[in-house]
Amino acid sequence: MAMFPRDLLAGDTETAARRLIGARLVRGSGPEARTGRIVEVEAYIGLEDLASHARTGRTKRNAVMFGPPGAAYVYLVYGMHNCLNVVTEAEGRPAAVLIRAVEPIAGVDEMRASRLGVLGGGSGRRETAAELSRRRVETLPKARLAAGPGLVCAAFSIDRRDDGRDLCDPASPIRLEITDEDEQLPIAVGPRIGIDYAPEPWLSRPWRFFVPGHASLSIAEARDRRGQAS
DNA sequence: GCAAAGATTTGCT
DNA sequence: GCAAATCTTTGCC
């Protein structure tokens, strides 16, 4: 296992997004480390991308997107879900790749616990919500534990305290790694999800990248696929 | 200073 | 298939 090279994030974001498919997201170290393979991402590219948080210019929330590549941009959506992005391109140009789905590989019990809000220092759900969904999460198939952008953060205990963290730093509690053992995964493309507020051509830009047919794809991707079925 | 909507997920009608 | 949950950020008065 080696760290994900920062160079691969410093260039254009579409290429970076493709390179992130198959890379590993890691939380912690030792026997309790959580590891998963990234299987679905979306690219948000530049000030001109009217689907991007950076479309309004630099703000307190999106400041990290304007910084150096390799940083984590973590934000809260709908008042309850955290989403993790990997900042790309040169410092000064706002771009990032949203991690939409991860296939759990190791630390599955810890991911389940984090989804239930049991683990400390994390982004788990509130106690009442955990009560309601406890049985569901306990019996959830391993492949579905991080099958969505909000679920990735819930499973890996990521919240806005992680905003700005360097994902290419081996000492970081949350980081990106690669292995040479993994075969090259097939990659499919499609329009980004949940950006109905964006005008064309941004609405239809094929900037979502995913492993076709993978069991850990986001719910939204599965729904989208049903719609496309002919 | 206030109203509105959001790069989502879940459960119910 | 639709709406609720929930709170921060943004946009407009």
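Note: the structure precedes this text.
Residues numbered from 1 in each chain as written. Chains lettered and ligands numbered in written order. Predicted model: local features only at pLDDT ≥ 70, side-chain atom pairs only at ≥ 80, totals over all residues. Heavy atoms only, no water.

## Let's talk about the overall build of chain A
Move 1: Each helix and strand counted, chain A has six helices and nine strands in total.
Move 2: Counting over 230 residues, chain A shows a buried share of 51%.
Move 3: A separation of at least 24 residues holds for 67% of the contacts in chain A among residues at least 6 apart in sequence.
Move 4: Surface summary for chain A: the accessible area is close to 10900 Å², and the carbon and sulfur share equals 51%. (Helix = DSSP H or I, 4+ residues; strand = E, 2+ residues; numbered from the N terminus. Buried < 20%, exposed > 50% of the residue type's maximum accessible area, 1.4 Å probe, protein only. Contact = heavy atoms within 4.5 Å. Areas by Shrake-Rupley, 256 points an atom, 1.4 Å probe, with all protein chains shown as cover.)

## What about the protein's contact with DNA strand B?
Move 1: Around DNA strand B sit 23 residues in total, of which H53, Y75, N85, G150 and Y197 are the nearest.
Move 2: The sugar-phosphate share of atoms of DNA strand B within 4 Å of the protein amounts to 54%.
Move 3: A distance of 2.8 Å separates a phosphate oxygen of DNA strand B from a polar backbone atom of G150.
Move 4: At 3.4 Å, a backbone N or O of L151 approaches a phosphate oxygen of DNA strand B.
Move 5: Among the secondary structure elements, those contributing two or more residues to the surface near DNA strand B are β4 (72–77), β5 (81–87), β6 (95–106) and α5 (149–155).
Move 6: With three residues, α5 is the single largest residue contributor to the surface near DNA strand B. (Near = heavy atom within 4 Å. Polar contact = N/O pair within 3.5 Å; in protein donor to acceptor, adjacent residues only side chain to side chain.)

## With respect to helix α3 (residues 108–115)
Move 1: In terms of residue burial, α3 counts as a mostly covered element, since seven of its eight residues are buried.
Move 2: Restricting attention to buried positions, one finds in α3 the residues V108, E110, M111, R112, A113, S114 and R115.
Move 3: Count one or two residues on from α3 and you reach G117, which has phi positive near 80°.

## Comments concerning the pairing of strand β3 (residues 34–45)
Move 1: Most of β3 is tucked away, with twelve of its twelve residues classed as buried.
Move 2: Note that strand β2 (residues 24–27) and β3 share four bridges and pair antiparallel. Each residue of the ladder has a partner; that of V26, found in β3, is T35.
Move 3: Linking two consecutive strands that pair antiparallel, namely β2 and β3, is a turn of six residues; a positive phi of about 75° is found at G28 within it.
Move 4: Sheet topology note: the β3/β6 ladder contains ten bridges and is antiparallel. Bridge assignment links Y44 to a residue of β6, and that residue is A96.
Move 5: Pairing analysis gives three bridges linking β3 to strand β9 (residues 208–210), with the strands arranged antiparallel. (Pairing = 2+ DSSP bridges.)

## Brief notes about helix α2 (residues 13–20)
Move 1: Among the residues making up α2, those that are buried are T13, A16, A17 and L20. Axial view of α2: buried residues confined to an arc of 100°, hence all on one face.
Move 2: Its side-chain oxygen at 3.3 Å from the backbone nitrogen of E14, D12 defines the N-terminal cap of α2.
Move 3: In the segment just after α2, G22 is the residue with positive phi, at about 95°. (Arc of directions from axis to C-beta.)

## Focus on the side chain of R208
Move 1: Of note, R208 is situated in strand β9.
Move 2: When its relative accessible area of 1% is taken as the criterion, R208 is described as buried.
Move 3: A polar contact is formed between the side chain of R208 and the backbone oxygen of P191, at a distance of 2.8 Å.
Move 4: When residues no more than four places from it in sequence are discounted, the contact partners of R208 are E40, V41, E42, R100, A188, V189, G190, P191, R192, I193, E221 and D224.

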